[in-house]
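Working through the structure, step by step
Now for the letters of each chain:
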Number of protein chains: 2
Amino acid sequence: MTGPTARRRGRPRRTEAGAAGDTRERILTAAREEFSERGYAKTSVRGIAKAAGVDSALVHHYFGTKEQVFQAAVETVFAPALSAPDVIFEGPADEVGERFARFLFGIWENPVTRTPLLAVLRSAVDNEAAAAVFRRLVAGQLLRRVAARLGLPDAELRAELAAAQLVGVAMLRYVIKLEPLASTDVEAIVERVAPVVQGHLTNP
Amino acid sequence: MTGPTARRRGRPRRTEAGAAGDTRERILTAAREEFSERGYAKTSVRGIAKAAGVDSALVHHYFGTKEQVFQAAVETVFAPALSAPDVIFEGPADEVGERFARFLFGIWENPVTRTPLLAVLRSAVDNEAAAAVFRRLVAGQLLRRVAARLGLPDAELRAELAAAQLVGVAMLRYVIKLEPLASTDVEAIVERVAPVVQGHLTNP
């Protein structure tokens with residue numbers, strides 16, 4: 001419980017709030033790395049605490065259970081995606097599909113955001129608690145907001161089918177690495193996929 | 001090495017070929033169950049042999065390495081899907097998308113075929129060797145054959161984008177269980193997804 005972490009216990013010279021923010025951030029970074037490397041099932045709060053150089057009790061204090069730590073770690077990864085509804089509905093209505101596709105591929109094409117996204121996807125496929133977090137964030141936040149903007153019947157189903165096209169491409173391109181899909185220029189893919197997303201979202 | 005499996009060592013009363021076929025089948029069944037329950041990484045040839053009541057050497061004799069056992073186990077799961085090109089190209093050309101969608105959802109909606117398919121998907125997301133098997137079977141056999149029937153430029157990319165829509169729906173509906181997608185009647189989904197598959201496959 002003490003040992004190598006004890007040296008971090010002393011009050012730092014910065015303000016209390018700043019120190020707490022730093023610790024929280026350090027735990028989140030460690031959590032993302034642990035979940036990425038080991039997957040949800042094999043990651044423990046104890047392991048995250050150790051990697052962050054803090055006591056397990058502090059992890060529980062800031063975040064609660066392992067599922068809650070996972071949710072917090074995933075939220076930081078999804079934070080840019082959660083701004084999607086604003087981004088994709090800004091501009092011509094007949095280009096919503098293209099902006100949605102471009103936005104999501106932008107996240108996947110960037111190695112910095114791709115790695116944690118892959119970890120989330122792997123965990124969600126493998127573990128029900130992780131899938132529940134994925135549902136709350138992706139469906140509950142991102143897709144519900146997209147649906148609310150559509151104002152059409154079956155808006156939520158529409159948003160999910162549009163997302164399914166993009167998730168499927170991401171699976172086959174970035175995870176399974178099917179060829180020729182994996183090495184096709186992303187612009188060529190956007191060109192073929194954007195009308196599908198547009199259709200799901202707006203077709204009568 | 002012997003123990004509980006020794007009683008199976010005596011030559012059975014059937015013909016050699018029949019006995020070999022039975023043993024092979026028993027190993028495959030055990031392999032499917034082990035890979036389903038534990039995932040690719042945690043399954044061992046030794047564990048499969050134990051579950052099948054045979055010696056590990058016999059598993060190696062029939063199939064080779066763990067990756068080859070996995071491929072053989074997956075092939076038996078994919079066997080019905082590999083007949084898809086014939087099924088989906090039989091009938092009106094403007095209903096290819098609908099038949100493709102209906103065919104794949106038929107496999108997913110049936111619990112008997114869904115469970116091993118889920119296991120394959122989980123393994124492929126989590127493990128590069130399993131992903132390689134998925135690539136060889138799904139891309140190398142199923143999608144290449146669909147593409148060959150299309151006779152269009154970019155036929156392979158088209159087949160993969162069509163598959164991506166279906167894989168994405170399968171992921172969100174059967175694995176992540178997003179609502180309302182997970183509990184929407186499959187016919188309503190086919191109705192929305194079939195034109196997308198048709199478009200990817202045949203649009204100019």
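What counts, and where the lines are drawn
Residue positions are given per chain, counted from 1 along the sequence in the order it is written. Just so you know, chain letters begin at A and ligand numbers begin at 1, following the order they were written in. Reporting of local features is limited, given that this is a predicted model, to residues whose pLDDT is at least 70; pairs of side-chain atoms are given and counted only at 80 or more, and all residues count toward the totals for whole chains, interfaces and linings. Secondary structure is summarised from DSSP: a helix means a run of H or I of at least four residues, a strand means a run of E of at least two, and numbering begins at the N terminus for each. Around each residue's C-beta, the other C-beta atoms within 10 Å are counted; 20 or more make the residue buried, 12 or fewer make it exposed, and counts in between make it partly exposed. All C-beta atoms are placed from the backbone. Our contact criterion uses C-beta atoms placed from the backbone: two residues qualify when those atoms are within 7 Å. Here the copies are matched by least squares. The fit uses the C-alpha atoms of residues with pLDDT of at least 70 in both. Reported domain spans reflect what an automatic or database domain assignment gives. Under the convention used throughout, the expected extent of a helix is 1.5 Å for every residue step, that is, one less than its residue count. To get the bend at a given residue, fit one axis to the seven residues ending there, fit another to the seven starting there, and take the angle between those axes. When residues are sorted by character, Ala, Val, Leu, Ile, Met, Phe, Trp, Tyr, Cys and Pro go into the nonpolar class, Asp, Glu, Lys and Arg into the charged class, and all the rest, Gly among them, into the polar class. Along the chain, pLDDT gives the predictor's confidence residue by residue, from 0 to 100. Only the stretch in contact is used when fitting a helix axis, every axis being a line fitted to C-alpha atoms; angles between N-to-C directions are given from 0 to 180 degrees. For classification, angles of less than 35 degrees are called roughly parallel, those exceeding 145 degrees roughly antiparallel, those between 65 and 115 degrees roughly perpendicular, and all remaining angles oblique. Handedness of a crossing follows from how the near helix is turned relative to the far one, being left-handed for an anticlockwise turn of less than a right angle and right-handed for a clockwise one.

In this section: the overall build of chain A. Scanning chain A from N- to C-terminus turns up 10 helices and 0 strands. Order of helices (α) and strands (β) in chain A, N terminus to C terminus: α-α-α-α-α-α-α-α-α-α. Taken along the three principal axes of its C-alpha coordinates, chain A extends 60 × 35 × 30 Å. Of all 204 residues assigned to chain A, the portion counted as buried reaches 39%.

Next up on the list: the environment of Leu82 of chain B. All names here are of chain B. Checked against the element boundaries, Leu82 lands in helix H4 (residues 66–82). Overall, Leu82 belongs to the partly exposed group, with 14 C-beta atoms counted inside 10 Å. For the pair Leu82 and Ile176, spaced 94 residues apart in the sequence, the C-alpha separation amounts to 25 Å. For Leu82, the residues in contact, after removing those within four places along its chain, are Gln141 and Leu142.

Looking now at the relation of the copies chain A and chain B. The two copies are related by a screw motion: chain A maps onto chain B through a turn of 180 degrees and a shift of 0.0 Å along the axis, at an RMSD of 0.0 Å. Taken together, the rotation and translation describe the operation of a two-fold axis. Here 100% of the interface residues in chain A have copies in chain B that are interface residues too; the copies meet face to matching face.

As a further point, take the domain arrangement of chain A. Residues and elements named next belong to chain A. Examined at the domain level, chain A breaks down into domain 1 (3–64) and domain 2 (71–202). Facing 9 residues of domain 1, the contacting portion of domain 2 comprises 12 residues. Ranked by residue count, the leading element in the side of domain 1 that touches domain 2 is helix H1 (residues 16–42), at 8 residues.

This part is about helix H4 (residues 66–82) of chain A. All names here are of chain A. Under the 1.5 Å per step criterion, the end-to-end length of H4 is 22 Å for 17 residues, consistent within 8% with the ideal 24 Å. Thr76 marks the point of greatest bend in H4, at about 40 degrees, and the proline Pro80 comes within the next four residues. Taken together, the buried positions of H4 are occupied by Lys66, Val69, Phe70, Gln71, Ala73, Val74, Val77 and Phe78.

Turning our eyes to something else, we now look at the interface of chain A and chain B. Taken together, the 34 residues of chain A in the interface contact 34 residues of chain B. If you list the elements that add at least two residues to the side of chain A that touches chain B, you get helix H7 (111–126), helix H8 (128–150), helix H9 (155–175) and helix H10 (186–202) of chain A. Ranked by residues supplied to the side of chain A that touches chain B, first place goes to H9 of chain A with 14 residues. Along the lines of polarity and charge, the residues of the side of chain A that touches chain B split into 22 nonpolar, 4 polar and 8 charged.

Our next topic: the confidence of the model for chain A. All names here are of chain A. Confidence in the prediction of chain A, expressed as mean pLDDT, is 84, and 91% of residues score 70 or more. Here H7 stands out as the least confident element of chain A, with mean pLDDT 79; helix H2 (residues 45–52) is the most confident, with 96. Counting interchain partners and residues more than four positions distant, the pLDDT-below-50 stretch residues 1–16 has 8 contacts. Listed scores for the predicted complex are pTM 0.81 and ipTM 0.80.

Before going further, it helps to spend a moment on helix H6 (residues 96–109) of chain A. Every α-helical turn comprises 3.6 residues, leaving residues that sit three or four positions apart pointing alike. All names here are of chain A. Its 14 residues place the ends of H6 20 Å apart at the C-alpha level, agreeing with the 20 Å of an ideal helix rising 1.5 Å per residue. Restricting attention to buried positions, one finds in H6 the residues Val96, Gly97, Arg99, Phe100, Ala101, Leu104 and Phe105. Those residues of H6 that are buried lie in contact with helix H5 (84–88), H9 and H10.

Another point: the packing of H6 of chain A against H9 of chain A. All names here are of chain A. It is at 11 Å that the axes of H6 and H9 come closest, and there the two elements cross at 30 degrees. In terms of their interaxial angle, H6 and H9 are classed as roughly parallel. Considering how the two elements wind past one another, H6 and H9 form a crossing that is right-handed. Residues Phe100, Ala101, Leu104 and Trp108 of H6 form the contact with H9, whose own contacting residues are Ala162, Leu166, Ala170 and Tyr174. Among the residues forming the contact of H6 with H9, the class breakdown is 8 nonpolar, no polar and no charged.

Residue and element names in this part refer to chain B. The N-to-C vectors of H4 and helix H7 (residues 111–126) enclose an angle of 125 degrees; their axes lie 10 Å apart at closest approach. In terms of their interaxial angle, H4 and H7 are classed as oblique. The hand of the H4/H7 crossing is left-handed. Contact residues: H4 offers Val74, Val77 and Pro80, while H7 offers Thr113, Pro116, Leu117 and Val120. Here the residues of the contact of H4 with H7 are counted per class, giving 6 nonpolar, 1 polar and no charged.

What follows is about unusual backbone geometry. Between Glu179 of chain A and the following residue, Pro180 of chain A, the backbone shows a cis peptide bond with an omega angle of 10 degrees. Positionally, Pro180 of chain A belongs in the loop between H9 and H10. One non-glycine residue, Lys177 of chain B, lies in positive phi territory at about 60 degrees. Along the chain, the position of Lys177 of chain B falls in the loop between helix H9 (155–175) and helix H10 (186–202).

Right, let's get into the environment of Met171 of chain B. Tracing the backbone shows Met171 of chain B in helix H9. Judged by C-beta crowding, with 23 C-beta atoms within 10 Å, Met171 of chain B ranks as buried. For Met171 of chain B and Ala182 of chain B, which are 11 residues apart along the polypeptide, the C-alpha to C-alpha distance reads 9.9 Å. Among residues more than four places away in sequence, those in contact with Met171 of chain B are Val167, Gly168 and Met171 of chain A together with Ile176 of chain B.

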